[in-house]
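Chain by chain, the residues:
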Protein chains: 4
Amino acid sequence: MIEFAVPETIERQRVRIEEFIAQTVIPLESTAYEQGVDDGLRIRLQAAAREAGVWAPQVPSSLGGGGFDFVSSAILLEEAGYSPLGPLALNCAAPDEGNMHLLEKTGSSDQRERYLHPLVAGDVRSCFAMTEPPPGAGSDPAALRTTAERLDGGWVINGRKWLITGAAGAGFAIVMARNIDGSGATMFLVDADNPGWQVGRHLKTIDASMPGGHCEVVLEECFVPDEAVLGEPGRGFDYAQVRLVPARLTHCMRWLGAARRAHTISTFRATNRELFGAKLSSLGMAQAIIADNEIELSASRSMLWHACWIVASGAKGTEASSRAKVFISEATSRIIDRSVQLAGGMGTSEDLILGRIYADARAFRIYDGASEVHRMSIANRVVRRMSETPRTNTDQRAADS
Amino acid sequence: MIEFAVPETIERQRVRIEEFIAQTVIPLESTAYEQGVDDGLRIRLQAAAREAGVWAPQVPSSLGGGGFDFVSSAILLEEAGYSPLGPLALNCAAPDEGNMHLLEKTGSSDQRERYLHPLVAGDVRSCFAMTEPPPGAGSDPAALRTTAERLDGGWVINGRKWLITGAAGAGFAIVMARNIDGSGATMFLVDADNPGWQVGRHLKTIDASMPGGHCEVVLEECFVPDEAVLGEPGRGFDYAQVRLVPARLTHCMRWLGAARRAHTISTFRATNRELFGAKLSSLGMAQAIIADNEIELSASRSMLWHACWIVASGAKGTEASSRAKVFISEATSRIIDRSVQLAGGMGTSEDLILGRIYADARAFRIYDGASEVHRMSIANRVVRRMSETPRTNTDQRAADS
Amino acid sequence: MIEFAVPETIERQRVRIEEFIAQTVIPLESTAYEQGVDDGLRIRLQAAAREAGVWAPQVPSSLGGGGFDFVSSAILLEEAGYSPLGPLALNCAAPDEGNMHLLEKTGSSDQRERYLHPLVAGDVRSCFAMTEPPPGAGSDPAALRTTAERLDGGWVINGRKWLITGAAGAGFAIVMARNIDGSGATMFLVDADNPGWQVGRHLKTIDASMPGGHCEVVLEECFVPDEAVLGEPGRGFDYAQVRLVPARLTHCMRWLGAARRAHTISTFRATNRELFGAKLSSLGMAQAIIADNEIELSASRSMLWHACWIVASGAKGTEASSRAKVFISEATSRIIDRSVQLAGGMGTSEDLILGRIYADARAFRIYDGASEVHRMSIANRVVRRMSETPRTNTDQRAADS
Amino acid sequence: MIEFAVPETIERQRVRIEEFIAQTVIPLESTAYEQGVDDGLRIRLQAAAREAGVWAPQVPSSLGGGGFDFVSSAILLEEAGYSPLGPLALNCAAPDEGNMHLLEKTGSSDQRERYLHPLVAGDVRSCFAMTEPPPGAGSDPAALRTTAERLDGGWVINGRKWLITGAAGAGFAIVMARNIDGSGATMFLVDADNPGWQVGRHLKTIDASMPGGHCEVVLEECFVPDEAVLGEPGRGFDYAQVRLVPARLTHCMRWLGAARRAHTISTFRATNRELFGAKLSSLGMAQAIIADNEIELSASRSMLWHACWIVASGAKGTEASSRAKVFISEATSRIIDRSVQLAGGMGTSEDLILGRIYADARAFRIYDGASEVHRMSIANRVVRRMSETPRTNTDQRAADS
């Protein structure tokens, strides 16, 4: 069956999150961005979220989360994303949210005890150390240069990472490295106090909502015991997919909320402003902005739910999540950009949060697979599929003419 | 629940339509466009469709149709639209499909007998006579100028219509007129042999798939009996909505199929052509075209199903159908345009059907509400809704700052 | 000096062309498209153009043309393009205009006498036979498959061409073929009555303004004497550039006129229509269309003049003409598309010529180098130039970081 | 004559600026943005610029500037804009550059002595106090609320301004106020130490290159003597045009340089990076980015020169400058956005200056007339012109059909 009915329980939780964001998170935004988003703020916000009964919607209830399925999470995380600080408050922000998912799917029971439980509880933050400076792993993960060498009772990791979000202040990292013996790649759990894990400078980027920044990291003779291997050695690239496919979609959820916020603020303003003797919201070019935002929010949401349902149904969802990621990252960019424009002189200001959302959102079209990389991957899959399809006579004629 | 599972019965019917289109309709395209799409072709195609068990998927089975619900129809009519002649063959093409829906919802049992049954059976074609030359009803239906005056036992209609699709050769028309006494507008069933109904010249447009063309019509002292009133006098504008909301969505269904056809043909060609020493489909700019087509087909489909479900659930769906119509008419335009580009020198040719689809599709962004009119309507509704919402303190601050 | 002053003599000639198009060409459009654009119409239009003193602006006066330089021609051919039949009337239409240029630059005095003079005089039409069906020469001219073999006193040409505009009814063709001995490609002048030159079927395309259509051609044991070689044997690809660089820009000139026509018609209509109680031209979304058209017409014109000046100054202009061709073909497409939209229900009609311009214009983004091919070529040149530039320290840092 | 030849003297000065930016300005960028762009930096940069012989190209040499005409300034200020700090260094940045122009055109000889000379010399900064918080003057200057009342020997100004760029630290302001007696608007020169001129908080915006920020200002019983009136009382709106038309174009010049910088950095990187086994710059989607940037830079430049020539020739240039402002602000936005994308993970970083340019550039589509306001103005002028044109019969038919 094809159905779009949002169950009552989900709607009630959505409203709870909406109220929490409106009453508790948004009032803190202004000072947060003046003082910087740090762990003090995170701890304060997270305490409030637990109190409000909106904690970690996407995490199984057995682990202490809301226990909502993936499609319901699309609704709830969109609501959390209405403030750029909302996902942090609800403990459903990147990179922790993706790391929780990965640990849940691949972690041993000891690893879950030691890393997943405190992460779900908000007692620590984590980071995901995959990206490397050129010519290492970036848009092309296969270029991975960080190495892991097996020794007696453990491994030694060497390499450089950068743009590692949240590295400063994280309690541990999930590190991706290439097995030096050619047997694939492996993921490791590395404690932040490991002397071989050295967090360097923060790359100065235009976003401002991630505690711990985007850091350079050096792994130098970083020894970890065998128990630090996540899942099995050599399966790192598989696990990357386990993490990345749903992580792309949770990004879409959160940014959809942020885009709706930008749209809502600018539309409210337009209903309130007089320009050339009329309400701004009655002028055709403003109406085009408002309508295009509504249309693209709606298209994004339907497409996102569809992709989430595919993943939730047990399919890999690589292609559906790629399509959704490209479309939604670009659509939300356009929505935010138009909202900035509609807000006029205050559009690039953080007073209205619009400027902050605009600057924060830009990287979404790049991280977790740049639009171009997803397009290449989508096209390759389509072409492969078409090449394998027995063609009808007509198609053949078209192809051959 | 939110679900996207296509039931097995629907999938089976979809495949049946797919095969019918591939084996029976597509082979006739070339000669159809050389000789013109006329009723001879229509009758031949429709006989084959009935034979193949794919007749009128969207029509209740009690009336002789496939009996599929509106969301399932989205899947089946997309498949029919894979050929521009497919909807004609399956008797789910505009304007008949919309007229069937309207007659089913508002017709008396006599009217259903006399007009709906033969229409469903394919024994006649019909037309919908609403649009008028300026300064009459066009994008703004309220500008309606054709008048209806009540006499003893009937009405007299006077006025001019144009761009009336399928008027030449139609067995009857549904005519929209303004009651001369100011009591709203009324819809009338007018037989084609009524001497007051005069079909004039065909406006020369760039599309070529509609039998009966797009005609000028004059209604001159056109007398119809009381039984010719569809539903109740004075409720014409309500009935227009009854017809137009779903009709917008069935247009989206059919054009989605046509866009997929264009995409499929050009992608097949790209997998088959060598250019600059590589497969065309391996070149980045071709991959961008292929991926963007996939992405927008997918976004369109999810959004369309969502809008259809809203309508099927009993809601009016005005806003959802407006959003879907704007997005899908524009997305399919882009898909078709990119497919033409990817096909290169043959892209504007009818040999590949691409040129024909390109020319036929252009009007979709204009008819049944131009994109701009829907945008205005969407914005007005959003603004009204926001004005009525009790604002949170935060939103208020944003709106007032 | 950088100057944009249009000399008085050019402005006077522009006005003369404007009046000729308005008074003589436009009134014939309607019947022309009903009956088909053929040589009868061409001869009639050309006689009128000579009479009106607007003949062949771009051709040297020594040859009987207007004698205007290339930048002035940009102004005059834009004016000619205001009607899709204007360039035909003024003998500045493709493919003859490009062939005249090529013959003038490379033809022997005998060839000029025999081919160029009658072509300038309008006594014959010609065609340019380069494009081949896949896997031959199309977007990639290097794939040329038609062969030329040198014999005693002449050459034998074998191969297939297609999409040869104007082939039916042309007096002669300029044929591009690959020397069978590997010594490059050669251009030949082939008379239409050569028994080895066989014009086949017209590919059915959506444009309608070219007499002679777009044909398949077979060259079968086509013998031509040595005097049929244009310029020198083996230099065909060089000559192709001689022809194509300015030909791209004359296409831009003519289509700029057509786009202005579409814009003018739809804007006039918008100033004349009432919609929702206001002039259509006062509604914001209509104003956005009108303004965007003005803006892109203006940007196109400045860019075109600049590219023409570069070519006229003696530079090769490959890159400038590629940039202009991509921008202007895409900008005029957008302008025409928006004009269709603004004209509403009549937008796709030939009654307003808009539908005709829309359908005719589509191929401009494909022929004479598809946008993608020009983009590849532009990027390759930029990258090569940057690779050769000694980098400043700063750039180096950026490139290496 | 239409000519695009850049005179040798201009080219030499352009190279001088290019070298100055590369050797002196760019190396300071990194620390500048870490520490904030302030007057210390400004003074240091300006001293270096004077030393290098690149001072204030656009200012008449009689006043101590470079003495270049407006079209030449387009070339030189584009070069200055290659670093976001370049215009500040060369004393050709907003708002001072526009204020110099306005003072030169309208200032009395005393005012020029007291305000213009120190401004040209770089001894003070200034600001332009026109924009007001809603419902005051913003996109609609006519909504001006700040009042000026004439007293004996002077005027009293009352009102609130905001988004006043450079207000903090400026030596004086040009203030726009509405004459309380209804006799139009007046511009005043207000010294920063006037007790009635109170600079309030800096609005927190996402740009970072303007010393003095974007401030709220209160004018409270601000008394100025008669000599503080710029030009004549009541002519403020005229003078606003004197300032705004060329100021729009100098914005275009500078941002064109910044866009070229972004394009250059990302293209250099692309020629240097390997991805999927190939140079990034050889991949089709990267080539599309590179080519589109080249194309739009080129279109922007031709259009800008054209508009500058129109203004330099003595025409008002309102429409040409509006067209150029809309096109170039949007084209440079796209260029910068694509460059960010091509640079991948580092695209939003200030390490590559790309992130900084991206954030700084956003407001350009809003200030000095938002795109929508210019579009409205352009459309209104076109429509007015068309309404006044005697129409040809053909146009009439089109308009009336």
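Here is what the cut-offs are and how they apply
Residues numbered from 1 in each chain as written. Chains lettered and ligands numbered in written order. Predicted model: local features only at pLDDT ≥ 70, side-chain atom pairs only at ≥ 80, totals over all residues. Heavy atoms only, no water. Helix = DSSP H or I, 4+ residues; strand = E, 2+ residues; numbered from the N terminus. Buried < 20%, exposed > 50% of the residue type's maximum accessible area, 1.4 Å probe, protein only. Contact = heavy atoms within 4.5 Å. Areas by Shrake-Rupley, 256 points an atom, 1.4 Å probe, with all protein chains shown as cover. Lys, Arg positive; Asp, Glu negative; His and termini not counted. Charge placed at Lys NZ, Arg CZ, Asp CG, Glu CD. Least-squares fit on C-alpha atoms with pLDDT ≥ 70 in both. Buried area = accessible area lost by both parts, 1.4 Å probe. Polar contact = N/O pair within 3.5 Å; in protein donor to acceptor, adjacent residues only side chain to side chain. Pairing = 2+ DSSP bridges. Domains from an automatic or database assignment. pLDDT = per-residue confidence, 0-100. Axes fitted to C-alpha atoms, helices over the stretch in contact; angles between N-to-C directions. Parallel < 35°, antiparallel > 145°, perpendicular 65-115°, else oblique. Left-handed = near helix turned anticlockwise from the far one by under 90°. Salt bridge = Lys/Arg side-chain N within 4 Å of Asp/Glu carboxyl O. Nonpolar A, V, L, I, M, F, W, Y, C, P; charged D, E, K, R; others polar. Phe/Tyr/Trp six-rings, centres within 6.5 Å; stacked < 30°, edge-to-face > 60°. Lys NZ or Arg CZ within 6 Å of the ring centre and 35° of its normal. Core = buried A, V, L, I, M, F, W, Y, C linked by side-chain atoms within 4.5 Å. Expected span 1.5 Å × (residues − 1). Arc of directions from axis to C-beta.

### A look at the overall build of chain A
So, point 1. A count of helices and strands for chain A gives 12 helices and 11 strands.
So, point 2. Counting every position in chain A, which comprises 401 residues, the buried fraction comes to 64%.
So, point 3. If you take every contact in chain A between residues at least 6 apart in sequence, the share linking residues at least 24 apart comes to 73%.
So, point 4. A total accessible area of about 13,700 Å² is found for chain A, and carbon and sulfur atoms account for 50% of it.
So, point 5. Separation between the mean location of the 41 positive side-chain charges and that of the 49 negative ones in chain A comes to 5 Å.

### Some remarks on the relation of the copies chain D and chain C
So, point 1. Once turned by 180° and shifted 0.0 Å along the axis, chain D lies on chain C with an RMSD of 0.0 Å. Such values leave the two copies arranged in the relation of a two-fold axis.

### Examining the interface of chain D and chain C
So, point 1. The interface is formed by 59 residues belonging to chain D together with 60 residues belonging to chain C.
So, point 2. The largest contributions to the chain D side of the interface with chain C come from Ile2(D), Phe4(D) and Phe268(D), which together make up 13% of the buried area.
So, point 3. Where chain D touches chain C, the interface holds 11 residue pairs in polar contact (both at pLDDT 80 or more).
So, point 4. Contributions of two or more residues to the side of chain D that touches chain C are made by β1 (2–4), α1 (8–35), α3 (70–80), α7 (236–272), α8 (284–312), α9 (318–342), α11 (371–388) and α12 (393–400) of chain D.
So, point 5. Here the side of chain D that touches chain C takes 14 residues from α8(D), the largest share from any one element.
So, point 6. Of the pairings in the sheet, the one linking strand β1 (residues 2–4) of chain C to β1(D) comprises three bridges and is antiparallel in character. Residue Phe4(C) lies in a different strand from β1(D), and its bridge partner there is Ile2(D).

### What about unusual backbone geometry?
All names here are of chain A.
So, point 1. Residue Pro135 is bonded to the preceding Pro134 through a cis peptide linkage, with omega at 5°.
So, point 2. In this structure, Pro135 sits in the loop between β2 (126–129) and β3 (147–151).
So, point 3. The phi dihedral of Ala56 is positive, around 35°, even though this residue is not glycine.
So, point 4. With respect to the secondary-structure elements, Ala56 resides in the loop between α2 (39–52) and α3 (70–80).

### Here's the deal with the domain arrangement of chain A
All names here are of chain A.
So, point 1. Splitting chain A by domain gives domain 1 (8–121), domain 2 (126–234) and domain 3 (237–388).
So, point 2. Using C-alpha coordinates to define each centre, domain 1 is positioned 25 Å away from domain 2.
So, point 3. With 17 residues of domain 1 in contact, the opposing surface of domain 2 contributes 18 residues.
So, point 4. Between domain 1 and domain 2 the total buried area reaches about 1,500 Å² when both faces are included, carbon and sulfur atoms providing 60% of it.

### Observations concerning the confidence of the model for chain A
So, point 1. With 97% of its residues at a pLDDT of at least 70, chain A reaches an overall mean of 95.
So, point 2. Interface confidence for the predicted complex, given as ipTM, is 0.97, next to a pTM of 0.97.

### Points about the packing of helix α1 (residues 8–35) of chain C against helix α3 (residues 70–80) of chain C
When two helices pack together, their arrangement is given by the angle between the helix axes and by the axis-to-axis distance.
Residue and element names in this part refer to chain C.
So, point 1. Where α1 meets α3, the axes come as close as 8 Å, and the angle between the chain directions of the two elements is 15°. In this view, α1 runs roughly parallel relative to α3, as classed from their interaxial angle. For the pair α1 and α3, the crossing hand works out as right-handed. The segment α1 lies against α3, with Ile10, Gln13, Arg14, Ile17, Glu18 and Ile21 engaging Ser72, Ile75, Leu76, Glu79 and Ala80.

### Comments concerning the interface of chain A and chain B
So, point 1. The partner chain B presents 60 residues to the 60 residues of chain A that form the contact.
So, point 2. Summed over both sides, the interface of chain A with chain B buries roughly 5,900 Å², with 65% coming from carbon and sulfur.
So, point 3. At the boundary of chain A and chain B, one finds four salt bridges.
So, point 4. Between the two partners, chain A and chain B, sit 11 residue pairs in polar contact (both at pLDDT 80 or more).
So, point 5. Elements that contribute at least two residues to the side of chain A that touches chain B include exactly β1 (2–4), α1 (8–35), α3, α7 (236–272), α8 (284–312), α9 (318–342), α11 (371–388) and α12 (393–400) of chain A.
So, point 6. Broken down by element, the residue count for the side of chain A that touches chain B peaks at 14 residues, all from α8(A).
So, point 7. Its residues placed into classes, the side of chain A that touches chain B shows 32 nonpolar, 14 polar and 14 charged.

### Quick word on the pattern of salt bridges
So, point 1. Scanning all chains against the criterion turns up 113 salt bridges over all chains.
So, point 2. The salt bridge involving Arg301(A) is made with Glu78(A); its shortest N-O contact spans 2.8 Å. In this pair, Arg301(A) sits in helix α8 while Glu78(A) sits in helix α3, placing the two residues 223 residues apart along the sequence.
So, point 3. A salt bridge links Glu296(B) to Arg334(B); the nearest nitrogen and oxygen atoms lie 2.9 Å apart. Taken together, the residues Glu296(B) in helix α8 (residues 284–312) and Arg334(B) in helix α9 (residues 318–342) connect sequence positions 38 residues apart.
So, point 4. One salt-bridge network, held together by shared partners, links Glu11(A), Arg14(A), Glu18(A), Glu78(A), Glu79(A), Arg260(A) and Arg301(A).

### A look at the environment of Trp197(B)
All names here are of chain B.
So, point 1. Assignment of secondary structure puts Trp197 in strand β7 (residues 197–202).
So, point 2. Here Trp197 falls in the buried class, since its relative accessible area comes to 7%.
So, point 3. Considered as a pair, Trp197 and Met130 are 67 residues apart in the sequence and their alpha carbons are 14 Å apart.

### Some thoughts on the packing of aromatic side chains
So, point 1. Scanning the entire structure with this criterion turns up 26 aromatic pairs over all chains.
So, point 2. Between Trp309(A) and Phe4(B) the ring centres are 6.1 Å apart and the planes differ by 55°, which places this aromatic pair in the tilted class. Residue Trp309(A) is found in helix α8, and its partner Phe4(B) is found in strand β1 (residues 2–4); the two belong to separate chains. Of the two residues examined, Trp309(A) and Phe4(B), each falls in the buried class.
So, point 3. With a centroid separation of 5.8 Å and 40° between ring planes, the pair formed by Phe364(D) and Tyr367(D) is classed as tilted.
So, point 4. By relative accessible area, which is 27% here, Tyr367(D) ends up partly exposed.
So, point 5. Aromatic ring contacts, followed pair by pair, group Phe4(A), Trp309(A), Phe4(B) and Trp309(B) into a single cluster.
So, point 6. The cationic tip of Arg243(A) hangs over the ring face of Phe128(A); the distance from NZ or CZ to the ring centre is 4.2 Å.
So, point 7. Looking at Arg362(C), its charged tip hangs above the ring of Tyr358(B), at a distance of 5.7 Å from the centre.

### Points about the nonpolar core
So, point 1. Ranked by size, the top nonpolar core spans 452 residues in total, and within it Leu90(A), Leu90(B), Leu90(C) and Leu90(D) carry the most contacts.
So, point 2. Setting aside residues no more than four positions away along its own chain, Leu90(D) makes contact with Ile17(D), Phe20(D), Ile21(D), Ala49(D), Val54(D), Trp55(D), Ala56(D), Pro57(D) and Ala80(D).

### Some thoughts on the pairing of strand β8 (residues 214–225) of chain C
All names here are of chain C.
So, point 1. Bridge count between strand β4 (residues 154–165) and β8: nine bridges; the pairing is antiparallel. Its bridge partner being in β8, Arg160 is matched across the sheet by Val218.
So, point 2. When strand β7 (residues 197–202) meets β8, the two strands line up antiparallel, connected through four bridges. Bridge pairing in β8 places His202 opposite Cys215.

### Observations regarding the environment of Met253(D)
Residues and elements named next belong to chain D.
So, point 1. Along the chain, Met253 falls in helix α7.
So, point 2. We classify Met253 as buried; its relative accessible area is 0%.
So, point 3. For the pair formed by Met253 and Ile75, sequence separation is 178 residues and the distance between their alpha carbons is 7.4 Å.
So, point 4. Not counting residues within four places of it along the chain, the set of residues in contact with Met253 comprises Phe70, Ser73, Ala74, Leu77, Glu78, Leu304 and Cys308.

### Considerations on the pairing of strand β6 (residues 185–191) of chain D
Residue and element names in this part refer to chain D.
So, point 1. Counting buried positions over the seven residues of β6 gives six, a clear majority of the element.
So, point 2. The pairing of strand β5 (residues 172–179) with β6 spans seven bridges and is antiparallel. Across the sheet, residue Ala173 finds its bridge partner in β6, namely Val190.
So, point 3. A loop of five residues connects β5 with β6, the two strands running antiparallel in sequence, and Gly182 in this loop sits at a positive phi of about 85°.
So, point 4. Of the pairings in the sheet, the one linking β6 to strand β9 (residues 229–230) comprises two bridges and is antiparallel in character. Across the sheet, residue Phe188 finds its bridge partner in β9, namely Val229.

### Focus: the relation of the copies chain A and chain B
So, point 1. For the pair chain A and chain B, the relating rotation is 180°, the translation along its axis is 0.0 Å, and the fit reaches an RMSD of 0.0 Å.
So, point 2. Comparing contact sets, 98% of the residues at the interface of chain A also lie at the interface in chain B, consistent with an isologous, same-surface contact.

### Some remarks on helix α7 (residues 236–272) of chain B
So, point 1. End to end, α7(B) covers 53 Å across 37 residues, agreeing with the expected 54 Å (1.5 Å per residue, within 8%).
So, point 2. Among the 37 residues that make up α7(B), 32 are buried, leaving the element largely enclosed by the rest of the structure.

### Notes on helix α2 (residues 39–52) of chain B
Residue pairs spaced three or four apart in an α-helix point in one direction, given the helix's 3.6 residues per turn.
Residues and elements named next belong to chain B.
So, point 1. Relative to the 20 Å expected for 14 residues at 1.5 Å per residue, α2 spans 20 Å between its end C-alpha atoms, a close match to the ideal helical length.
So, point 2. Of all the residues in α2, the buried ones are Leu41, Arg42, Leu45, Gln46 and Ala49. Taken around the axis of α2, the buried residues stretch over an arc of 125°, which confines them to a single face. Opposite the buried face of α2, at more than 90 degrees from it, the exposed residues are Arg44 and Glu51.
So, point 3. As for α2, its buried residues are in contact with α1 (8–35) and α4 (86–89).

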